[in-house]
Amino acid sequence: MNYAVLVPMIVFLLVIFFIGYWSSRKLSTSSNFISDYFLGGRELGGFVLAMTMVATYGSASSFLGGPGTAYTMGFGWVLLAMAQVVTGYFVLMILGKKYAIMARRYKAITMIDFLKSRYNSSAVVLLSAFSIIVFLFSAMAAQWIGGARLVESLTGLSYNSALFLFAVSVLVYVTIGGFRAVALTDAVQGAVMLVGTLVLLVAVISAGGGIPNIVNDLINENPNLVTPYGATGDLTAAYVSSFWILVGVGVVGLPQIAVRAMSYKNSRSMHRALIIGTLVTGVIMLNMHLIGVFARPVMPGIEIGDKVIPLIALETLPPWVAGIVLAAPMAAIMSTVDSLLLLVSSSIVKDVYLNYVKPDATIQTIKRISFGVTGVLGVIVFLLALNPPELLIFLNLFAFGGLEAAFIWPIVLGLYWKWGNKYGAIASMATGISSYIALHFYNLENGNLFGVHTVTMPVLLSLAAFVVFSLLIDRKAYQYNVPTLK
Amino acid sequence: MEKTDWRFKIAHKEAWIGVGLALFNFIWWFGFAYGLGSRPVDEYSYIFGLPDWFFYSCVVGFLLISVLVIVVVHFFFTEVPFDEEEDS
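Owing to the predicted nature of the structure, the values given are computational and were not obtained by experimental measurement. (Residues numbered from 1 in each chain as written. Chains lettered and ligands numbered in written order. Predicted model: local features only at pLDDT ≥ 70, side-chain atom pairs only at ≥ 80, totals over all residues. Heavy atoms only, no water.)

A. Geometry of the layout of surface pockets. The calculated volume of the second largest pocket comes to roughly 720 Å³. For the lining of the second largest pocket, the elements supplying multiple residues, two or more each, are helix H6 (85-106), helix H11 (237-248), helix H17 (392-416) and helix H19 (456-472) of chain A together with helix H1 (6-37) of chain B. The element that contributes the greatest number of residues to the lining of the second largest pocket is H1 of chain B, accounting for seven residues. The class makeup of the residues in the lining of the second largest pocket is 22 nonpolar, five polar and no charged. (1 Å grid on protein atoms, 1.4 Å probe; cavity = no way out; pocket = protein on both sides within 12 Å on 5 of 7 lines; lining within 4 Å. Points joined across faces, edges and corners; volume = space filled by probe spheres on them. Helix = DSSP H or I, 4+ residues; strand = E, 2+ residues; numbered from the N terminus. Nonpolar A, V, L, I, M, F, W, Y, C, P; charged D, E, K, R; others polar.)

Written out as structure tokens, the structure is:
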């Protein structure tokens, strides 16, 4: 055991717990439990909002899997990762003010609430809740595996005990604190991520004897490492740029991101979040992936990609600094997991239970059920993660792509296209999900169709389905301008 | 038929700005990466030690887009209330 590394990490965990506890005290005096627990009472300021978006989005794949792949592939993978800069501003600009206004008008707490009021259809609600629960489960499992791997490589504990430790920490503060705890800890975690990546980048560059030296070593080993095409030359322009959809603009359709766009306090916070979000996303993505590439000449021969970051930090930094820096990926994973957990439990409690099972539940019952469901979900994911599948990044991207294909058009066109109706939304979700899954298996067998990432075609197909079905069945313009009367 | 909520006009304009920025960002990023990066490696030049295609595409591209976002938000985005107006 490496105590010098562990102590800073434990201190970090304690701070996180404290925030969870503090939020829970605020929660117990709340008059509107649902809005507070699942949305933090719509009062996030610019900094917290930006950080919670970055931290939620910057997950295990950007901190462990991504840099690990960059280690193998070289600069081409950093190029691909930089497609994510667009998420920093695009999501907030697109959903932006209209989504915030409509969400308040509908009194929506979850993304599904929004879809429910816009399309006025049970099928839309149930289909959405189903996709969120199924896809986010795989995303959560992937994150937990990453968290456990990290704890494992730092402490020398067995994988199972590491997972247990990690799971308990996350569960405690999410269950008691709700969205405000999640958003506030995200802000702390985002700041840790930002500083951590900077420190580590500088350490790696100096360990490698400066950038020109490192780049020379890379060229001597394999010149492809410094091209946009990747070590084996298989990162084609079409493939890399189709990631622009998966990790860039498609992120608008991710429920965990979209729900944050209804939590801001006012348009001033939104403006600040736009700027901070862009800067922080860009710096973190550039740094992390460059660290992955630069680590290659410094520490050749690392076999498991997910371990590149922990190993390089332990190698190049004094132990206590490494502890603080490694709190960054830990933070990224925890902050993704906590939002996913809350989102899945809000789908179950708010969208299914309160809509269809027991609309007249008392506050007490809702409270108990919210805590209970959040806890039980955590335990189930824990059990799933005990026997982890091989590729972290794969599981994670599978979930992202599926959700994007399902939700992007019902949200975006629901906001901006008055002809959109429930038939379009249902057709779009069904087409998106089924074509995504079908294409996923087709691509596994035959290589990527048209050389682009799996998500590209389903996004286009679900757009076509949305437009065609909206116009064919029950064509009627939606009235955005009339405030709903209470 | 009522006229469009004034806040929606602003929201729509800003959403289009988002689309425009994303397109510009893509073209810059893609253009420099594959425009400069497709040459043989021994013809690359290096800026601060980084391959030129990468420097222009990812480093300069990121800085440029950040500046654009700041400028756009400052000069073209309008603050609006999110809650419904009380009067009507």
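B. Quick peek at the packing of aromatic side chains. Following the criterion strictly, the structure yields 22 aromatic pairs over all chains and no others. An angle of 70° between the planes, with centres 6.4 Å apart, marks the rings of Tyr-119 of chain A and Phe-466 of chain A as edge-to-face. Of this pair, Tyr-119 of chain A sits in helix H7 (residues 111-119) while Phe-466 of chain A sits in helix H19, placing them 347 residues apart in sequence. Centroid distance Phe-26 of chain B to Phe-30 of chain B: 5.5 Å. Interplanar angle 15°. Geometry classified as stacked. Highlighted residues: Phe-26 of chain B and Phe-30 of chain B, both in helix H1, separated by four residues, approximately one helical turn. A residue is classified by how much of its surface remains accessible, and Phe-26 of chain B, at 23% relative accessible area, is partly exposed. An aromatic cluster of at least three residues, connected via ring pairs, comprises Tyr-229 and Trp-244 of chain A together with Phe-26, Trp-29, Phe-30 and Tyr-34 of chain B. Taking NZ or CZ as reference, Lys-98 of chain A lies 4.6 Å from the ring centre of Phe-8 of chain B, over its face. Above the plane of the ring of Tyr-478 of chain A lies Arg-118 of chain A, whose end atom (NZ or CZ) is 3.9 Å from the centre. (Phe/Tyr/Trp six-rings, centres within 6.5 Å; stacked < 30°, edge-to-face > 60°. Buried < 20%, exposed > 50% of the residue type's maximum accessible area, 1.4 Å probe, protein only. Lys NZ or Arg CZ within 6 Å of the ring centre and 35° of its normal.)

C. How the structure looks around the nonpolar core. Counting residues in each nonpolar core, the largest one holds 205 residues, and the members touching the most others are Phe-75, Tyr-89, Tyr-99, Trp-144 and Phe-294 of chain A together with Phe-54 of chain B. Contacts of Phe-54 of chain B, omitting those with residues within four sequence positions, involve Phe-75, Val-78, Leu-79, Leu-286 and Leu-290 of chain A together with Val-59 of chain B. (Core = buried A, V, L, I, M, F, W, Y, C linked by side-chain atoms within 4.5 Å. Contact = heavy atoms within 4.5 Å.)

D. Representation of unusual backbone geometry in the model. Phi is positive for Asn-120 of chain A, which is not a glycine, with a value near 55°. Structurally, the position occupied by Asn-120 of chain A is in the loop between H7 and helix H8 (122-155). Overall, Asn-120 of chain A belongs to the exposed group, its relative accessible area being 64%. Here the phi dihedral of Phe-48 of chain B falls at roughly 50°; this positive angle occurs in a residue that is not glycine. On the basis of relative accessibility, which here comes to 66%, the residue Phe-48 of chain B falls in the exposed class.

E. Expanded view of the UniProt feature "transmembrane region" (unreviewed entry) in chain B. Annotation from UniProt places "transmembrane region" (unreviewed entry) at residues 15-34 and 54-77 of chain B. The span residues 15-34 of chain B carries 100% helix and 0% strand; its end-to-end C-alpha distance comes to 29 Å. (UniProt positions renumbered as here; feature names shortened; annotations may be inferred.)

F. Examining the side chain of Ser-345 of chain A more closely. With respect to the secondary-structure elements, Ser-345 of chain A resides in helix H15 (residues 319-357). The residues touching Ser-345 of chain A, leaving out its near neighbours within four places in the chain, are Phe-38, Lys-350, Val-373, Thr-374 and Leu-377 of chain A.

G. Spatial organisation of the interface of chain B and chain A. Contact with chain B, which involves 50 residues of that partner, is made by 58 residues of chain A. Here chain B and chain A share an interface that buries about 4,500 Å² over both sides, 75% of which is from carbon and sulfur atoms. The tally of links from chain B across to chain A stands at two salt bridges. Note that Lys-97 of chain A is salt-bridged to Glu-14 of chain B, the shortest N-O span being 2.7 Å. If you look at where chain B meets chain A, you find ten residue pairs in polar contact (both at pLDDT 80 or more). Elements with a contribution of two residues or more to the side of chain B that touches chain A: H1, strand E2 (50-51) and helix H2 (52-76) of chain B. Residue composition of the side of chain B that touches chain A, by class: 32 nonpolar, ten polar and eight charged. (Buried area = accessible area lost by both parts, 1.4 Å probe. Salt bridge = Lys/Arg side-chain N within 4 Å of Asp/Glu carboxyl O. Polar contact = N/O pair within 3.5 Å; in protein donor to acceptor, adjacent residues only side chain to side chain.)

H. Fine view of empty space enclosed by the protein. All names here are of chain A. Tallying each qualifying case throughout the model produces four cavities of 30 Å³ or more. Volume-wise, the second largest cavity comes out at about 130 Å³. Taken together, 15 residues make up the lining of the second largest cavity; nearest its centre are Met-53, Val-54, Thr-87, Gly-88 and Thr-281. For the lining of the second largest cavity, the elements supplying multiple residues, two or more each, are helix H3 (46-57), H6 and helix H13 (267-298).

I. Inspection of H7 of chain A at higher detail. Residue and element names in this part refer to chain A. With respect to burial, H7 is a largely interior element, seven of its nine residues being buried. What H7 keeps buried is the set Met-111, Ile-112, Asp-113, Phe-114, Leu-115, Arg-118 and Tyr-119. One or two steps after H7, the chain reaches Asn-120, where phi turns positive at roughly 55°.

J. Region of the structure containing the packing of H6 of chain A against H13 of chain A. Residues and elements named next belong to chain A. One can describe the packing of H6 onto H13 by two numbers: an axis separation of 6 Å at closest approach and a directional angle of 160°. The orientation of H6 with respect to H13, classified from their angle, is roughly antiparallel. Residues Val-85, Thr-87, Gly-88, Tyr-89, Leu-92, Met-93, Gly-96 and Lys-97 of H6 pack against Ser-267, Met-270, His-271, Ala-273, Leu-274, Gly-277, Thr-278, Thr-281 and Gly-282 of H13. (Axes fitted to C-alpha atoms, helices over the stretch in contact; angles between N-to-C directions. Parallel < 35°, antiparallel > 145°, perpendicular 65-115°, else oblique.)

K. Here's a closer look at the environment of Tyr-3 of chain A. Secondary-structure assignment places Tyr-3 of chain A in helix H1 (residues 3-28). The spatial distance from the C-alpha of Tyr-3 of chain A to the C-alpha of Val-349 of chain A is 41 Å, given a sequence separation of 346 residues.

L. Representation of a nonpolar patch on the surface. Residue and element names in this part refer to chain A. Residues Tyr-423, Val-468, Phe-469, Leu-472 and Ile-473 make up a contiguous nonpolar surface patch of roughly 440 Å² in combined accessible area. Top contributing element to the nonpolar patch by residue count: H19, with three residues. Looking at the secondary structure, you find Ile-473 in the segment after H19. (Patch = residues over 30% accessible without salt bridge, like charges linked within 9 Å, V, L, I, M, F, W, Y side chains within 5 Å. Areas by Shrake-Rupley, 256 points an atom, 1.4 Å probe, with all protein chains shown as cover.)

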